[in-house]
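Coordinate inspection notes
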Amino acid sequence: MDRMEELGFRSETDRQIFREAAAPVELSPFGLHSGMFVPTLERQGTPEQSRKWVPLGKSFKMIGTYAQTELGHGTFIRGLETTATFDPETQEFILDSPTLSSIKYWPGNVAKTVNHCLVMAQLYTQGKCHGTHLFLVQVRNMEDHTIMPGLEIGDIGPKLGFDGVDNGFMRFNKYRIPRMNMLMRYAKVLENGDYIKPKNAKLTYGAMVMIRVFIVMDAFKTLSRAAVIAVRYSAVRRQSELRPGGEEAQVMDYQTQQYKLFPLLATSYAFLLAAEGMSQIYAKISSDIERGNLEDMPQLHALACGLKAFCTWVACEGIEVCRMSCGGHGYSHASGIPKIYANIVGACTYEGENTVMMLQTARYLSKCYIRGQRGESLPELIQYLTTDLNVKSTLGEDCSFESLVAAYSHRAARMVAVACKLQQTNKKKGMAGHDAWNKSTVPFIAATKAHCHLFIVRNFVTILSQKKIDPATHNVLSQLCTLYAVYGIVENMGEFMQDGYFNQDQVSILNRKVLALLEDIRPNAVALVDAFDYPDHLLQSCLGRYDGQVYEALYEYSKSSPLNNTDIHSSYYNYIRPMMQKRSESKNISAKL
Ligand SMILES: CCCCCCCC/C=C\CCCCCCCCCCC/C=C/C(=O)SCCNC(=O)CCNC(=O)[C@H](O)C(C)(C)COP(=O)(O)OP(=O)(O)OC[C@H]1O[C@@H](n2cnc3c(N)ncnc32)[C@H](O)[C@@H]1OP(=O)(O)O
Ligand SMILES: Cc1cc2nc3c(=O)[nH]c(=O)nc-3n(C[C@H](O)[C@H](O)[C@H](O)COP(=O)(O)OP(=O)(O)OC[C@H]3O[C@@H](n4cnc5c(N)ncnc54)[C@H](O)[C@@H]3O)c2cc1C
């Protein structure tokens, strides 16, 4: 923290880059403090509350996290059981964990690190429940870091990854906090206990929307790092004879290796641009919301949910492909890839479990579809829903951007229509609304993935069409954009072909194009990963080193393994030798052994 001050790092992005450089493969134990706790105080507190608490948070005089999930509920926020009951006599809220399932469980850094939490709890005042709200709660003594009386706090134990984060549990036993510790920017409890409700109850969910936007950028960062490692290693690794009797080939010269890695390289560039686009949309709409204009809040929620789920699912699958494309060495921590995977795969769950997030976007698409059918105007990003589904593709040998975007628009519009019609058919069969919805959610998930895929392809094309880029760079980026789009069609051909949108010749064109693009990109593959400019320190990979000295690095890495500190391990003396001695004393063992 002090070093960041010395270096004059003011922006959160610069600070995050510094944190990643300082701790390249472990998530910071202060990440949630900086990424969720402080921004939520800024956005959900009154001006007075922000003025009081944000400086304390930014100077680390107060260290906090976001404590929402409980043993019994993570997804269903309205089902959270922690209570915050207002006591007008003492002007306090009484926080309580009334049941075993209400114990806060999972909040990052709650176990040993933080001294404060933002706690999501059901607000009760004047005998009435007003739903979930956020409360600032001191959980440890500021002098000696002991747990405050009335609280039970601990670590939840080992996890798949996220080792730098002490996820914990926390139980409240009639724990009192001042009335003014409720974040009251949008909802308030007056001294007499009167509840002033917010313009929109979902404003208290704002912190999650913000982090979902961050996670889209995380999906890019993690996938691109794995791609850098795998592509560089594929340039160094020689294995097997491509030409009989010739020298062993760079594995990157095998078409199958190119088909594994180059679409992921293209996806990395697509996700970077999508994350930047998402961040710009978030900045605009969240500032509108802060000024009281909530009109685009549903669109922001739907886009953040959908992209967070789509990008983390694709990134995690892609990181695994990168690992496997490095053979045995990819399975070693020396490659750096297992750690990348272990730290990001949780993102498919945290900040909104991906399926549930996709269904939020699906719900928004369903409503927009109905509005479109009525001829009502739709937000620009959704206008494709009114695409004429009788139109066929005009795709030619050149696989133009226009024909590719049209294909993705058609696919998404068709799939949303199929899901909505199933939902409507279910209703006509007499199903209740919630059953008609539930019995159409599988097609809605597929349609929502198509919707997100369209956003990313269209965004990539738009940026290439609008940005001033030198011709050589534009040519290579256009190859990546075309590869991302064509590969997505080839890999999901059934969804594009179901209504005969492409003819047989066009399918052949696409299958030929994806292979041709692999050859086009091959000469620039290493340059395209070098362009991300990740220092070796950040990659922590013997396989992805900039200098390509892979075997030297692996040998040094292995020699440094703690198991090599002694030639004979204590297990020989404690177990192996006694076992062998016992065997050799046995009568039926031949002395000749
Ligand atoms: C550890 C390292 C951290 C590093 C941190 C950063 C460091 C530095 C900073 C910058 C760099 C950033 C890099 C960080 C990268 C990320 C790190 C993340 C760390 C991981 C920490 C994890 C934290 C957590 O997991 S916190 C808990 C998250 N929990 C959830 O997300 C719960 C998900 N569930 C929900 O959101 C809701 O239950 C729901 C939306 C699924 C349903 O809500 P419900 O009230 O039931 O509403 P529903 O009936 O479905 O819908 C009613 C209408 O309301 C609309 N709506 C719902 N939600 C919203 C919303 N948020 N906004 C707007 N509108 C909403 C919904 O659409 C309905 O509308 P309709 O019109 O009626 O259809
Ligand atoms: C690494 C990590 C860090 C975390 N950090 C924090 C933190 O700092 N603070 C915090 O408060 N929480 C944190 N969490 C908790 C996290 O937010 C929750 O785990 C997440 O919201 C998912 O909720 P859940 O665990 O209840 O899953 P569930 O919702 O129980 O998921 C189980 C299954 O049920 C399905 N499901 C649930 N609801 C529906 C539905 N309506 N329709 C269809 N299917 C459904 C899901 O798709 C899933 O397949 C963290 C979790 C992890 C893994």
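Residues numbered from 1 in each chain as written. Chains lettered and ligands numbered in written order. Predicted model: local features only at pLDDT ≥ 70, side-chain atom pairs only at ≥ 80, totals over all residues. Heavy atoms only, no water.

The test is simple: UniProt positions are given in the numbering used here, feature names are shortened, and annotations may be inferred rather than shown by experiment.
An unreviewed UniProt entry annotates the protein as Acyl-coenzyme A oxidase originating from Mytilus coruscus. Per UniProt, the protein has the following entry under Sequence similarities (unreviewed entry): "Belongs to the acyl-CoA oxidase family." The UniProt entry for the protein carries the following comment under Pathway (unreviewed entry): "Lipid metabolism; peroxisomal fatty acid beta-oxidation."

A short note on the site of ligand 2
Here is the rule we go by: Nearness here has a simple test: a residue counts as near a molecule or strand if at least one of its heavy atoms is within 4 Å of that partner. Whenever a nitrogen or oxygen atom comes within 3.5 Å of another N or O atom, the pair is scored as a polar contact, on the condition that within protein one atom can donate a hydrogen and the other can accept it, and that pairs from neighbouring residues in sequence are kept only if both atoms are in side chains. The method behind every accessible area is Shrake-Rupley, applied with a 1.4 Å probe, and residues are considered shielded solely by the protein chains displayed. Secondary structure counts use DSSP, requiring at least four H or I residues in a row for a helix and at least two E residues in a row for a strand, with both numbered from the N terminus. The nonpolar class holds Ala, Val, Leu, Ile, Met, Phe, Trp, Tyr, Cys and Pro. Asp, Glu, Lys and Arg form the charged class, and all remaining residues, Gly among them, are polar. Domain start and end points were adopted from an automatic or database domain assignment.
Near ligand 2 there are 18 residues, and of these Tyr66, Thr69, Thr75, Gly108 and Glu353 occur at the shortest range. Contact distances for ligand 2 include 3.0 Å between an oxygen atom and a backbone N or O atom of Gln68. A distance of 2.6 Å separates an oxygen atom of ligand 2 from a polar atom in the side chain of Glu353. For ligand 2, whose free accessible area comes to 960 Å², the fraction covered by protein is 62%. In terms of residue count, helix 10 (residues 354-373) provides more of the shell around ligand 2 than any other element does, 3 residues in total. A class-by-class count of the residues in the shell around ligand 2 yields 8 nonpolar, 8 polar and 2 charged. Counting contributing residues per domain, the shell around ligand 2 is built from domain 1 (2-198) and domain 2 (208-377 + 398-528), each supplying no fewer than three.

Regarding the domain arrangement of the protein
Cut-off, in case you're wondering: Residue contacts are counted whenever heavy atoms from the two residues lie within 4.5 Å of one another. Note: buried area is the sum, over both parts, of the accessible area (probe 1.4 Å) each one loses when the two are combined. The term salt bridge refers to a side-chain nitrogen of Lys or Arg lying within 4 Å of a carboxyl oxygen of Asp or Glu.
Split by domain assignment, the protein resolves into domain 1 (2-198) and domain 2 (208-377 + 398-528). On a C-alpha basis, the centres of domain 1 and domain 2 stand 34 Å from each other. Across the contact, 19 residues belong to domain 1 and 17 residues belong to domain 2. At the boundary of domain 1 with domain 2, total buried surface from both sides reaches about 1,500 Å², with 54% on carbon and sulfur atoms. A per-residue breakdown of the area domain 1 buries against domain 2 is headed by Met36, Arg43 and Phe162, which together make up 28% of the total. The tally of links from domain 1 across to domain 2 stands at 5 salt bridges. Of the charged contacts in the structure, one is a salt bridge between Glu290 and Arg185, with a shortest N-O distance of 4.0 Å. Here domain 1 is connected to domain 2 by 7 residue pairs in polar contact (both at pLDDT 80 or more). Mapped onto the side of domain 1 that touches domain 2, the elements with two or more residues apiece are helix 2 (12-22) and helix 3 (31-44). Tallying contributions element by element places helix 3 first for the side of domain 1 that touches domain 2, with 4 residues.

With respect to the pairing of strand 5 (residues 116-125)
Keep this limit in mind: Three labels apply to residues, based on accessible area from a 1.4 Å probe with only protein chains included: buried if under 20% of the type maximum, exposed if over 50%, partly exposed otherwise in between. Being paired, for any two strands, means DSSP has found at least two bridges between them.
Of all 10 residues that make up strand 5, 9 are buried, and the element is covered over most of its length. Where strand 1 (residues 64-67) meets strand 5, 4 bridges bridge the pair, whose relative direction is parallel. Residue Gly64 lies in a different strand from strand 5, and its bridge partner there is His116. Two elements, strand 2 (residues 83-87) and strand 5, share 3 bridges in a ladder whose sense is parallel. Residue Thr85 lies in a different strand from strand 5, and its bridge partner there is Tyr124. Two elements, strand 5 and strand 6 (residues 128-138), share 9 bridges in a ladder whose sense is antiparallel. Looking at the pairing, Cys117 lines up with Val137 of strand 6. In this antiparallel pair of consecutive strands, strand 5 and strand 6, the connection spans 2 residues, and Gln126 shows a positive phi of 55°.

As for the site of ligand 1
Near ligand 1 there are 36 residues, and of these Thr75, Lys202, Tyr205, Arg212 and Arg363 occur at the shortest range. Between ligand 1 and Gln68 there is a distance of 3.3 Å, counted from a nitrogen atom to a side-chain nitrogen or oxygen. In isolation ligand 1 offers 1,400 Å² of accessible surface; the protein chains occlude 86% of this area. Breaking the shell around ligand 1 down by element, the ones donating at least two residues are helix 2, helix 3, helix 5 (206-236), helix 7 (297-324) and helix 10. A total of 7 residues in the shell around ligand 1 trace back to one element, the largest contributor, which is helix 5. For the shell around ligand 1, the per-class residue count stands at 17 nonpolar, 10 polar and 9 charged. Counting contributing residues per domain, the shell around ligand 1 is built from domain 1 (2-198) and domain 2 (208-377 + 398-528), each supplying no fewer than three.

Examining a positive patch on the surface
The criterion, for reference: Here, patches come from residues exposed beyond 30% relative accessible area and free of salt bridges, joined within 9 Å for like charges and within 5 Å for nonpolar side chains (Val, Leu, Ile, Met, Phe, Trp, Tyr). For this count, His and the chain ends are skipped, Lys and Arg are scored as positive, and Asp and Glu as negative. For charged residues, the charge sits on one atom: NZ in Lys, CZ in Arg, CG in Asp, CD in Glu.
A cluster of basic side chains, namely Arg78, Lys202, Arg363 and Lys367, defines a positive patch on the protein surface. Among the structural elements, Lys367 can be located in helix 10.

Comments concerning the state of the cysteines
We apply this condition: To count as a disulfide, a pair of cysteine sulfur atoms needs to be within 2.5 Å.
Counted by the stated rule, this structure contains 0 disulfides. The closest cysteine sulfur to the non-disulfide-bonded Cys305 is located on Cys452, 9.7 Å from its own sulfur.

Examining the nonpolar core
We apply this condition: Nonpolar core, defined: a set of buried Ala, Val, Leu, Ile, Met, Phe, Trp, Tyr and Cys residues in which side-chain atoms within 4.5 Å join the residues together.
Residues Leu41, Phe271, Ile456, Leu480, Ile489, Phe502 and Leu510 are the most contacted members of the largest nonpolar core, which totals 144 residues. In terms of residue count, the dominant contributor to this core is helix 5 (18 residues). A domain split of this core shows at least three residues from each of domain 1 (2-198) and domain 2 (208-377 + 398-528). One finds Val119, Met170, Ile177 and Met184 within the second-largest nonpolar core, a separate group that totals 27 residues.

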